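Report on the structure
Chain residues, written in single-letter form:
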Number of protein chains: 2
Amino acid sequence: MGDITAQFADIVGSHNLLTGDAIPEDYWHDEVLTTAPQKPGYLARPASAEEVAQLLKVATEQQLPVTARGSGSGLSGAAVPVEGGLVISFERMNKVLEVDTTNQVAVVQPGITLLELDAATADTGLRYMVHPGELSSSVGGNVGTNAGGMRAVKYGVARHNVLGLQAVLATGEIIRTGGKIAKVSAGYDLTQLIVGSEGTLALATEVIVKLHPRLDHSATVLAPFADFDQVMVAVPKILASGLIPYIVEYIDNMTMAALVHTQNLELGIPDKIRDNCQAYLVVALENLTPERLDEDVEKAGELMAELGAIDVYVLEGGSARKLIEARENAFWTLKAMGADDLIDTVVPRGAMPKFLAGARSLATEAGGAAVGCGHAGDGNVHLAIFCKDHDKKKKLMTDIFALAMELGGAISGEHGLGRAKSPYYLKLEDPAKVDLMRRIKQSFDPAGILNPGVLFAARDA
Amino acid sequence: MGDITAQFADIVGSHNLLTGDAIPEDYWHDEVLTTAPQKPGYLARPASAEEVAQLLKVATEQQLPVTARGSGSGLSGAAVPVEGGLVISFERMNKVLEVDTTNQVAVVQPGITLLELDAATADTGLRYMVHPGELSSSVGGNVGTNAGGMRAVKYGVARHNVLGLQAVLATGEIIRTGGKIAKVSAGYDLTQLIVGSEGTLALATEVIVKLHPRLDHSATVLAPFADFDQVMVAVPKILASGLIPYIVEYIDNMTMAALVHTQNLELGIPDKIRDNCQAYLVVALENLTPERLDEDVEKAGELMAELGAIDVYVLEGGSARKLIEARENAFWTLKAMGADDLIDTVVPRGAMPKFLAGARSLATEAGGAAVGCGHAGDGNVHLAIFCKDHDKKKKLMTDIFALAMELGGAISGEHGLGRAKSPYYLKLEDPAKVDLMRRIKQSFDPAGILNPGVLFAARDA
């Protein structure tokens, strides 16, 4: 152990290595609700890909488990370390290396937060559009989890916005994948294999992200619906209309009540309408000119009214922003309400009514509740699960995931499996696929040091 | 051999199996210019994933090389079989299984052509937007090569439009990846690993493709530029303007002359302008209403004039269609002119002037020429290489590919490596990456039966 400490200290400098009790508790966990914090043996803060490579080489030699950490804002426990293992924190690798307006890309280090990247691109008229609720999240974390967020309905998820990587293999090789290019057909797409692999295949040390033009004019339309299913029927019609909303969210009445209450939202919706409403649809539009935006808003409003909205509210700048922020903070609100677990299943958009009805009735049967909101345009359902009994909750989660998969969906749309959801995945997924993924994992990480317990059980990896 | 024939006949029926001399020469090659046709030993035409699985199981047992074939319209030789090997042709698996307007996807078999799929979706107001020049190409071929085409600048390449697969592994397992879902973060993205793998990892037997709304109103703007570099400088500015063109192509003056001459284009450009023009920019726009389209066209025209266009022509329906068709047929025109080889390198958009100047001067030094057109919005340069001397041409190709890679690009943007470009790739690519890809390949195809000679040299696979 002393030997490993010395080797790591040699690589990153002794002031960038902490061991044992000196490691702050913040590094023992991320924001997952259900996985217990674990005390790592080592915390290294490298400054370069070369340092990451050397750390991984030693870890492979020593068969020491390695957990990569961005901002620690993950919700599935992919950044919960292995007890006694090495945490590689990217907090010092947080620079914007280049904002390239000609190619509409930024080249960044993985530790940069979305807020910092947004500030760095503000003057260029361009923006990285992946926008998970948590703007303190890091680009590296976005890569790991294939992060999504509200704007994915128009701009895609991390996968669609990460064009290239510099990445370090478990055995210490530094490779470059993709580039400042929108397309490539030369060999396997290693970029897309690493995106969403939750630190189990390779560690990204540089990320080339796509930037999109910032459109100056935007507006938010809020529509309460008496019937949940109507919301779900409305969504594909809005998306097929040729309008290109950048946000299409639903919020169920219980979650909206909690958001209004805890975050003092003033939406101007009369009590009578609120009481008759099962769910809300939030549609945000943007366009090049105010005239086009006004037309789009009118068209969207008419369409939602036709599709059964009780009323349609065009929110002004301030209250629109507050609603979107409240929606982004829904996790914290539901956590404060005592949510016992979190689901972010994705299903085909058209299967959302069936899935939500099924999930809620499974929760009721288990003596619990499932409430939430989600990215309606993407079929990505966020549910907070309230169910105190551990075994019942586990069964309920399994049943809800199985239902999502039966409907053609998946356990996670954007949070990733992490340590929290991997056991469900291994139980429910086709074993032929899991075996194939295990072989792929071995082709990257022969000693199985990278994030054991995530995707595969620790003993497999 | 007799035994293998009997086994294959048992699987697909004897009328769907041809052997030896009975196999028509059409199946010996695709449209690659440089790879010699090869006579396969067996041609099987399966009707289902189960039949494909059984064929592959036998092939793995017998260590028989397998080449998958869609329409045979590929340009890199990925569908040129191995002599004596098995060709699996998907011509009987050519059905649209479902057009799902709620989820905006179609589920198709790989043998369907783009023309057939377009017809099957015409009434829905939706369309599969991947549009390589050749509309007789198959969706399966699109998956294999990660096909692009002119509309990729707005709608992305095959990778961005393939949401899920049913695929058969070399060892006969049938797996399903992705789904009718826009996002997923649960395990490695096998869909994206198989897309672009040119039949070397697994064979797709069902493809879920994304559909987009068809916009009714479109127009094409053609602008001649005196100076090639001006075209390249104009492109990023047009893309950053917030206009969202669905086609942004350049055509150099030699290629335009050939297209006008061989395809009787009437573009209405005076001789004087034509003589002073080094390259043309073609920008196609579409929008929801004719009013918005007119505004966009005006804005695009003004922008191109500001950016140095000698003049700007808004082409009417008929002549616009003819120009786009001529551009799509550029390969055939250049082939008829005696092109000796074909390049479809991709570079960062901003590196196109440097790349094109470099490629042309390398061609001149080699006593040849490099002319062409390309997807300017994507940095995807199509060059026809004229150079009769085989060794000089090989060196020229190598030098041009090396230049593209130095500039941060790749050997192929959309055609794939196939048998024709794989040797260049293996020579120029980082060996650590090639080794990693070889291990990934082995995790899918332990016996190395799937398309040996593509990506890896036959002896490696």
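Residues numbered from 1 in each chain as written. Chains lettered and ligands numbered in written order. Predicted model: local features only at pLDDT ≥ 70, side-chain atom pairs only at ≥ 80, totals over all residues. Heavy atoms only, no water.

Our focus in this paragraph is the overall build of chain A. The number of helices and strands found in chain A is 17 helices and 18 strands. Relative to its length of 461 residues, chain A is compact, with a C-alpha radius of gyration of 22 Å against a globular reference of 23 Å. Expressed as a percentage of its 461 residues, the buried residues of chain A come to 62%. Put simply, of all contacts in chain A between residues at least 6 apart along the chain, 75% involve residues at least 24 apart. Total accessible area computed for chain A in this model is approximately 16200 Å², and 49% of it derives from carbon and sulfur atoms. The averaged location of the 57 negative side-chain charges in chain A is 3 Å from the averaged location of its 40 positive side-chain charges. (Helix = DSSP H or I, 4+ residues; strand = E, 2+ residues; numbered from the N terminus. Rg over C-alpha atoms; globule rule 2.2 N^0.38 Å. Buried < 20%, exposed > 50% of the residue type's maximum accessible area, 1.4 Å probe, protein only. Contact = heavy atoms within 4.5 Å. Areas by Shrake-Rupley, 256 points an atom, 1.4 Å probe, with all protein chains shown as cover. Lys, Arg positive; Asp, Glu negative; His and termini not counted. Charge placed at Lys NZ, Arg CZ, Asp CG, Glu CD.)

So, about helix α8 (residues 228-240) of chain B. Considered for burial, the residues of α8(B) that qualify are Phe228(B), Val231(B), Met232(B), Ala234(B), Val235(B), Pro236(B), Ile238(B) and Leu239(B). Residue Gly242(B) follows α8(B) closely and has a positive phi angle near 95 degrees.

Residues and elements named next belong to chain A. Spatially, the seven strands line up as an open sheet ordered β15-β12-β14-β13-β17-β18-β16, and their pairing is antiparallel. A single partner strand is all that each edge strand has here, and the edge strands are β15 (313-315) and β16 (341-343). The average angle at which neighbouring strand axes cross in this sheet is 20 degrees, direction not considered. Pairing analysis gives nine bridges linking strand β12 (residues 217-225) to strand β14 (residues 279-287), with the strands arranged antiparallel. In the strand pairing of β14, Ser 218 is matched with Glu 286. Of the strands in this sheet, β12, β14 and β15 are in contact with helix α11 (residues 290-306), which crosses β14 at around 155 degrees. (Pairing = 2+ DSSP bridges. Axes fitted to C-alpha atoms, helices over the stretch in contact; angles between N-to-C directions.)

Quick look at the domain arrangement of chain A now. Residue and element names in this part refer to chain A. Looking at the assigned domains, one finds that chain A contains domain 1 (2-91), domain 2 (96-213), domain 3 (217-327) and domain 4 (338-415). Taken over C-alpha atoms, the centre of domain 3 sits 23 Å from the centre of domain 4. Across the boundary between the two partners, domain 3 contributes 14 residues, which contact 14 residues of domain 4. Of the roughly 1300 Å² buried between domain 3 and domain 4, counting both surfaces, carbon and sulfur atoms make up 64%. (Domains from an automatic or database assignment. Buried area = accessible area lost by both parts, 1.4 Å probe.)

Here the focus is the relation of the copies chain B and chain A. In screw terms, the move from chain B to chain A is a rotation of 180 degrees and a rise of 0.0 Å along the axis, fitting with an RMSD of 0.0 Å. Classification of the inter-copy transformation places it as that of a two-fold axis. For chain B, the smallest separation between a C-alpha atom and the rotation axis is recorded for Ile440(B), amounting to 2.9 Å. Mapped onto chain A, 100% of the interface residues of chain B again fall at the interface, so both copies present the same surface. (Least-squares fit on C-alpha atoms with pLDDT ≥ 70 in both.)

We now examine the UniProt feature "domain: FAD-binding PCMH-type" (unreviewed entry) in chain A. Per the UniProt annotation, the sites labelled "domain: FAD-binding PCMH-type" (unreviewed entry) are residues 35-214 of chain A. Secondary structure across residues 35-214 of chain A divides into 23% helix and 26% strand, with the first and last C-alpha atoms of the span separated by 38 Å. (UniProt positions renumbered as here; feature names shortened; annotations may be inferred.)

What follows deals with the packing of aromatic side chains. Scanning all chains against the criterion turns up 10 aromatic pairs over all chains. Their ring planes at 70 degrees and their centres at 6.2 Å tell us that Phe456(A) and Tyr188(B) sit as a pair that is edge-to-face. Here Phe456(A) is found in the segment after α17 (431-444), whereas its partner Tyr188(B) is found in the loop between β9 (174-178) and α7 (190-194) on a different chain. With respect to burial, Phe456(A) and Tyr188(B) carry one shared label: buried. Geometrically, the ring pair formed by Phe228(B) and Tyr250(B) is edge-to-face, given 5.6 Å between the ring centres and 70 degrees between the ring planes. Taken together, the positions of Phe228(B) in helix α8 and Tyr250(B) in strand β13 (residues 247-252) put the pair 22 residues apart, joining distant regions of the chain. An identical accessibility class is assigned to Phe228(B) and Tyr250(B); each is buried. Over the face of the ring belonging to Phe228(A) we find Arg360(A), whose NZ or CZ atom lies 4.5 Å from the ring centre. (Phe/Tyr/Trp six-rings, centres within 6.5 Å; stacked < 30°, edge-to-face > 60°. Lys NZ or Arg CZ within 6 Å of the ring centre and 35° of its normal.)

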